[in-house]
Amino acid sequence: MLADIRELARDAASHEVGLGAFNVVLLEHGEAQIAAAEAVELPIILQLSQNAVKYHRGWLEPIGSAVLELAKRAKVPAVAHLDHAEDIDLCKAAVELGFNSIMYDGSKLPDEENRKTTAEITKWCHDRGVSVEAELGEVGGKNGVHDPSARTKPEDAAKFVEDTGVDLLAVAVGSSHAMTSRDASLDNELIAAIKAAVPVPLVLHGSSGVSDEGMRAAIQAGMTKINVSTHLNVIYTAKVREDLAAGPDLVDPRKYSSNGNAALQAEVERLLNWYAGK
Ligand code: G3H
Ligand code: ZN
């Protein structure tokens, strides 16, 4: 069932647990993610990024409608979230399609412009009952270059939330996007300081690079929404590669993908439980 991310995140933050948010790259990954959430009876956020839309011929509606429908059909609370959207028209199209959460990513813009544009799209979304996540202090790795050095200052974060009215805030605390190793080091003191300074739940991007123990510490320090993409791709692709190597006659994608989908589902179950402190 479609659920409001603001309520899920507030609830998770008040219990000091994390909320798993997973990127849907291919449709069957979304199916596996929902199956995982149902199996462990925990809420889930399905994320479709602007890059994933670009991959799917630049068409939001076919893959977006499917993601939305998966979230609606889930037997647990689920959110249909647009991730890392730099294009305002795409944000509006996703809301019009029925997505109930968007991340507007103006982190590459000059600060004033990021603030102004984020505030405008936030008002537009709030008028339609949709929640908004934004990013302050660009989390590195979006262009393939790992840079974990960016940091968000607590006082800047507080002012940004006040200026824009966003519901969730992504901050730079030591992670970097698209890491295939899980050895990023997070600044938990900074997470705690930002958490104390801002009234909205915090979002960790680039969570694939963080170990299980590192993630638990970050959640205890104040992280709530935990975004994972690359780590699931690593697990899915390793299984598919193994099956293709063992079966040179395999040609049906349903056959060579099914173990990969099952592995992805098992890992989402494990991560959801872990983030929930179970
Ligand atoms: O917005 C998506 C996440 O930040 C995923 O990052 O691929 O490094 O896990 P990741
Ligand atoms: Zn991200």
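The numbering scheme is per chain: residues are counted from 1 as the chain's sequence reads. Here every chain gets a letter starting at A, and every ligand a number starting at 1, in the order they are written. Totals for whole chains, interfaces and linings use all residues, but because this is a predicted model, local features are given only for residues with pLDDT of at least 70 and pairs of side-chain atoms are given and counted only at 80 or more. Working from all heavy atoms in the structure, the side-chain values ignore hydrogens and water.

(A) The packing of aromatic side chains, seen in detail. Pairing of aromatic rings covers Phe, Tyr and the six-membered ring of Trp, with a centre-to-centre limit of 6.5 Å; geometry is then stacked below 30 degrees between planes, edge-to-face above 60, and tilted otherwise. Tallying each qualifying case throughout the model produces zero aromatic pairs. Here Arg128 stacks its cationic end above the ring of Trp124, 3.8 Å away from the centre of that ring. Charges are assigned to positions over rings by a cutoff of 6 Å between ring centre and Lys NZ or Arg CZ, combined with an angular limit of 35 degrees from the ring normal. Sitting over the ring of Trp274, Arg216 keeps its end group 3.5 Å from the ring centre.

(B) Region of interest: the UniProt feature "binding site: Zn(2+) 2" (unreviewed entry) in the chain. UniProt positions are given in the numbering used here, feature names are shortened, and annotations may be inferred rather than shown by experiment. Residues annotated in UniProt with the feature "binding site: Zn(2+) 2" (unreviewed entry) correspond here to Asp105 and Glu135. Across 31 residues in sequence, these annotated residues keep their C-alpha atoms within 5.8 Å of one another, forming a single compact spot. Exposure classes here rest on a 1.4 Å probe applied to the protein chains alone. A residue is buried below 20% of its type maximum, exposed above 50%, and partly exposed in between. Assessed through its relative accessible area of 3%, Asp105 is described here as buried. The contact definition used throughout considers only heavy atoms, calling two residues in contact when any of these lie within 4.5 Å. Every residue in contact with Asp105, bar those within four places of it in the chain, is listed here: His84, Ala85, Glu86, Glu135 and Lys142. A run of H or I in DSSP counts as a helix once it spans at least four residues, and a run of E counts as a strand once it spans at least two, with each numbered from the N terminus. Within the element layout of this structure, Glu135 appears in strand 5 (residues 131-136). We classify Glu135 as buried; its relative accessible area is 0%. Beyond its immediate sequence surroundings of up to four residues, Glu135 is in contact with His84, Met103, Tyr104, Asp105, Ser107, Asn114, Lys142, Phe160, Ala170 and His205. We define a polar contact as two N or O atoms separated by no more than 3.5 Å, with the added condition that, inside protein, one atom must be a possible hydrogen donor and the other a possible acceptor, whereas residues neighbouring each other in sequence contribute only through side-chain atom pairs. Among the polar contacts made by the side chain of Glu135, one reaches the side chain of Ser107 at a distance of 3.4 Å.

(C) Spatial organisation of the coordination of the zinc ion (ligand 2). Within the protein, His84 (NE2), His177 (NE2) and His205 (ND1) serve as the donor atoms for the zinc ion (ligand 2), at 2.0 to 2.1 Å. Going along the chain, you hit the donors of the zinc ion (ligand 2) in the pattern H-x92-H-x27-H. Here His177 is found in the loop between strand 6 (168-171) and helix 8 (188-197), whereas its partner His205 is found in the loop between strand 7 (202-204) and helix 9 (212-221), with 28 residues between them in sequence. Both residues of the pair, His177 and His205, belong to the buried class. Only N, O and S atoms count as donors, using a 2.8 Å cut-off from the metal and 3.2 Å for Na, K and Ca, and because water is excluded some sites may appear unfinished.

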